[in-house]
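Working through the structure, step by step
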Amino acid sequence: MKLRSGAQVVQFVNGGIAQNTKVSQAIAEHNASSPLLMLPQEIKNRIYYFVCGGQMVHILQNDNDYNHAHGDWSVNLTHAICIEPTSEEQIQKDFDSADSDVAWNIASVEDRHRDCYKPPPEQEKGPKRNQLSLTLLRSCRQIYMEASTIHYRNNTFAINCHDILERFVRGRFQNKQNLAIRSLHLDVSVTHVSSVDAWSEKINKAVLKRLKSVRHLYLSLTQVYCTCSVDVCAYEGSEMTERQGKMFKKLSKLPLKEATLVIDDGMFLKPLNPHYANFYDQMEQQYRWTLRQKQEFSKEVRDALLARGDVKKKN
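A brief look at the structure comes next. (Residues numbered from 1 in each chain as written. Predicted model: local features only at pLDDT ≥ 70, side-chain atom pairs only at ≥ 80, totals over all residues. Heavy atoms only, no water.)

Applying the stated criterion across every chain yields a total of 11 salt bridges. In this structure, Lys202 and Glu166 form a salt bridge, with 2.5 Å as the shortest nitrogen-oxygen distance. Of this pair, Lys202 sits in helix α8 (residues 193–210) while Glu166 sits in helix α6 (residues 162–170), and the two are 36 residues apart along the sequence. Residue Lys202 shares its accessibility class with Glu166, and that shared class is buried. Salt bridges sharing partners connect three or more residues here, namely Glu84, Glu88 and Arg112. (Salt bridge = Lys/Arg side-chain N within 4 Å of Asp/Glu carboxyl O. Helix = DSSP H or I, 4+ residues; strand = E, 2+ residues; numbered from the N terminus. Buried < 20%, exposed > 50% of the residue type's maximum accessible area, 1.4 Å probe, protein only.)

Glancing now at helix α3 (residues 88–97). Every buried residue of α3 is listed here: Glu88, Ile91, Gln92 and Phe95. Burial along α3 is one-sided: seen end-on, the buried residues are contained in an arc of 100°. Opposite the buried face of α3, by more than 90 degrees, sit the exposed residues Lys93 and Ser97. (Arc of directions from axis to C-beta.)

Formed by 48 residues in total, the largest nonpolar core has its most connected members in Phe248 and Leu251. In terms of residue count, α8 provides more of this core than any other element does, 6 residues in total. For Phe248, the residues in contact, after removing those within four places along its chain, are Val188, Leu219, Leu221, Leu261, Phe297, Val301 and Leu305. Leu36, Tyr48, Cys52 and Cys140 belong to the second largest nonpolar core, which has 10 residues in total. (Core = buried A, V, L, I, M, F, W, Y, C linked by side-chain atoms within 4.5 Å. Contact = heavy atoms within 4.5 Å.)

Across the sheet, 6 strands lie side by side as β4-β3-β5-β6-β7-β8; this open sheet has mixed pairing. The open sheet is flanked by β4 (77–81) and β8 (258–264), the only strands paired with a single partner. Adjacent strand axes in the sheet meet at a mean angle of 20°, parallel and antiparallel pairs treated alike. Relative to strand β6 (residues 183–190), strand β5 (residues 156–159) runs parallel, the two being bridged by 4 bridges. Opposite Thr156, over in β6, you have Ser183 as the bridge partner. Along the sheet face, α3 touches β3 (56–61), β6, β7 (216–223) and β8 and points at about 55° away from the line of β8. Across the sheet, α8 is in contact with β5 and β6; its angle to β6 comes to roughly 160°. (Pairing = 2+ DSSP bridges. Axes fitted to C-alpha atoms, helices over the stretch in contact; angles between N-to-C directions.)

The structure is reproduced here in structure tokens:
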């Protein structure tokens, strides 16, 4: 089945664009004979979904050397389809049901999407990195008009850097593209108070102001410990915990239907000098969250995020 591109539908008139009636009519007649375009819109939307949707799409910088904690605005963004086989919903169930008296952390939560941000030769599992195919949108003008926001509406966009979050949102040429996004995954790494403040600022600017239609929110909090975080920044103090909670709870302004939050602190740093091992073990016992504390924090945040939706249902 050959579909016309619609490139000849318009012509320039006095510096502007005018509709070419004959060509437009010819293309309309041609499209009317297309088995695909004759289908009901609901069925076509399902076809568009299976072609362009249903994926978690990681947004990253095009230069692998620059994929670190802070974005470089001189490097273009690219994307990669997630290769992690376990869903966010299942990971949340594993996190909530884990025996809090046995371990500090849950192995399945640690570095779940690490391989998704690596170049293909370094990947340790799954197929080689691939990207969304949007060639369907180039089939003809009618398909483009019907499906141009499908890949925004029906994919989960995953971002692990607050600078990249802002760049991604600002990079949409039309606001309707941002408003079409329904599902968002944020992998938030926290080392100091300053990193909490940086993420909080980008959440305000990028998510709350531009991604106002997000319904499904998947959060991962990675706590990276170091001596200055604990000793200087009072990392595990009540003030730091309150800052993290406030950062996430402001997302309750979104019209959320689903929210998950898992916590990973598998990167609790050990000293290079073995003579200080006992000191660091004591510090871990004193400052590191227990699994029960992580589970309680996660539940409190999720309840706050979904409280607005629960109130609307009751009303």
